Amino acid sequence: MFEVSSCTRKTLLAVALLFCSLSVTAMDTLSLRIRDQTLELEVARTEAERERGLMGRCTLRENTGMAFFFNPPESVGFWMKNTLINLDIAFVDTTGVVFHTDTMRANSLTLHHSYGLVYVAIELPQGTLQRLRIGPGTYFPELDTTKTTSENALNPKPSRHR
């Protein structure tokens, strides 16, 4: 075994802290109500944010996840490369209605198709959809683009990642 100087330890710690701070950037967040629960979702709007998704995360707190916006809506597929935790996914249309759900295994290269035009895809820790009884037909009024902008989440207010 070799000894590491105090200066080297401090340098390594500083580099590790810098790496961790770069791995999760501040993103907009969105709150969605479902029955008596609130989902707190990071919002991925850009191509780069959608590509990064939840890669590299070791855990997610209960009722947290990520919302992937597609404007205009499109048919999409998700895989789990470099994603370390199992996830549920719900595909939502422009009327705020979930039309398809799936469960995705960590690090899988299996493509999970939307089977329709997606306005928002919501990723949550595995088991959340079942626990909260979210499935095809579930309505999220905050995601309904047929409502006025003040009633939906087209432009969620920015808040800092926790």
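Details of the structure are given in the entry above.
Notes on the structure in this doc start here.

About the cut-offs
- Residues numbered from 1 in each chain as written.
- Predicted model: local features only at pLDDT ≥ 70, side-chain atom pairs only at ≥ 80, totals over all residues.
- Heavy atoms only, no water.
- Core = buried A, V, L, I, M, F, W, Y, C linked by side-chain atoms within 4.5 Å.
- Buried < 20%, exposed > 50% of the residue type's maximum accessible area, 1.4 Å probe, protein only.
- Helix = DSSP H or I, 4+ residues; strand = E, 2+ residues; numbered from the N terminus.
- Pairing = 2+ DSSP bridges.
- Axes fitted to C-alpha atoms, helices over the stretch in contact; angles between N-to-C directions.
- Contact = heavy atoms within 4.5 Å.
- Polar contact = N/O pair within 3.5 Å; in protein donor to acceptor, adjacent residues only side chain to side chain.
- Phe/Tyr/Trp six-rings, centres within 6.5 Å; stacked < 30°, edge-to-face > 60°.
- Salt bridge = Lys/Arg side-chain N within 4 Å of Asp/Glu carboxyl O.

Within the largest apolar cluster, 20 residues are counted, with the highest numbers of intra-cluster contacts made by Leu39, Ile122, Phe140 and Leu143. Where this core is concerned, the elements lending two or more residues are β1 (29-34), β2 (37-44), β3 (64-74), β5 (87-92), β8 (118-125) and β9 (139-144). Among the elements that make up this core, the one with the highest residue count is β8 (four residues). In terms of nonpolar packing, the next biggest core, distinct from the first, is built from 16 residues, Ala44, Phe68, Val118 and Ala121 among them.

Turning to the sheet that holds β5, a few remarks are in order. Here we have seven strands laid out as an open sheet, ordered β1-β2-β3-β8-β5-β6-β9, and mixed in their pairing. Of all the strands in the sheet, just β1 and β9 have a single pairing partner and so form its edges. Each strand axis lies, on average, 35° off the axis of its neighbour in the sheet, ignoring direction.

Moving on, we get to the pairing of strand β6 (residues 95-104). Taken together, the six bridges between β5 and β6 define a ladder with antiparallel strand orientation. Pairing of Asp88 across the sheet is with Thr103, part of β6. Between β5 and the antiparallel strand that follows it, β6, lie two residues. With two bridges joining them, β6 and β9 adopt antiparallel strand pairing. Across the sheet, residue Thr95 finds its bridge partner in β9, namely Asp144.

Mapped onto the secondary structure, Arg35 falls in the loop between β1 and β2. Given the relative accessible area of 45%, Arg35 is considered partly exposed. As for Arg35 and Arg133, which are separated by 98 residues in sequence, their C-alpha atoms are 9.3 Å apart. Contacts of Arg35, omitting those with residues within four sequence positions, involve Leu132 and Arg133. Side-chain polar atoms of Arg35 contact the backbone oxygen of Leu132, separated by 2.9 Å.

Within the secondary structure, Asn63 sits in the loop between α2 (47-52) and β3. Side-chain polar atoms of Asn63 contact the side chain of Gln37, separated by 2.7 Å. Only 2.7 Å separates the side chain of Asn63 from the side chain of Arg131, close enough to count as a polar contact. Once you skip the residues sitting within four places of it in the chain, Asn63 turns out to touch Gln37, Thr38, Leu39, Glu40, Thr128, Arg131 and Leu132.

A word on the packing of aromatic side chains. Scanning the entire structure with this criterion turns up five aromatic pairs. With 5.0 Å between their ring centres and 80° between their planes, Phe68 and Phe78 make a pair best called edge-to-face. Remark: Phe78 occurs in strand β4 (residues 77-78) and Phe68 occurs in strand β3; sequence separation between them is ten residues. Of the residues examined, Phe68 reaches a relative accessible area of 1% and is grouped as buried. By relative accessible area, Phe78 is classed as buried at 10%. Ring geometry for Phe70 versus Phe78: centroids 6.5 Å apart, planes at 90°, classification edge-to-face. For Phe70, a relative accessible area of 7% translates into the label buried. In this structure an aromatic cluster arises from ring pairing among Phe68, Phe70, Phe78, Phe91 and Phe99.

Attention now moves to the pattern of salt bridges. Considering all chains together, one arrives at two salt bridges under this definition. Glu42 is paired through a salt bridge with Arg57; the nearest N and O atoms lie 3.0 Å apart. Placement of the pair is Glu42 in strand β2 and Arg57 in the loop between α2 and β3, with a sequence separation of 15 residues. Here Glu42 matches Arg57 in class, with each residue buried. Linking Glu47 and Arg50 is a salt bridge whose minimum nitrogen-to-oxygen distance equals 3.2 Å. Here Glu47 and its partner Arg50 are both found in helix α2, three residues apart, which amounts to about one turn of the helix.

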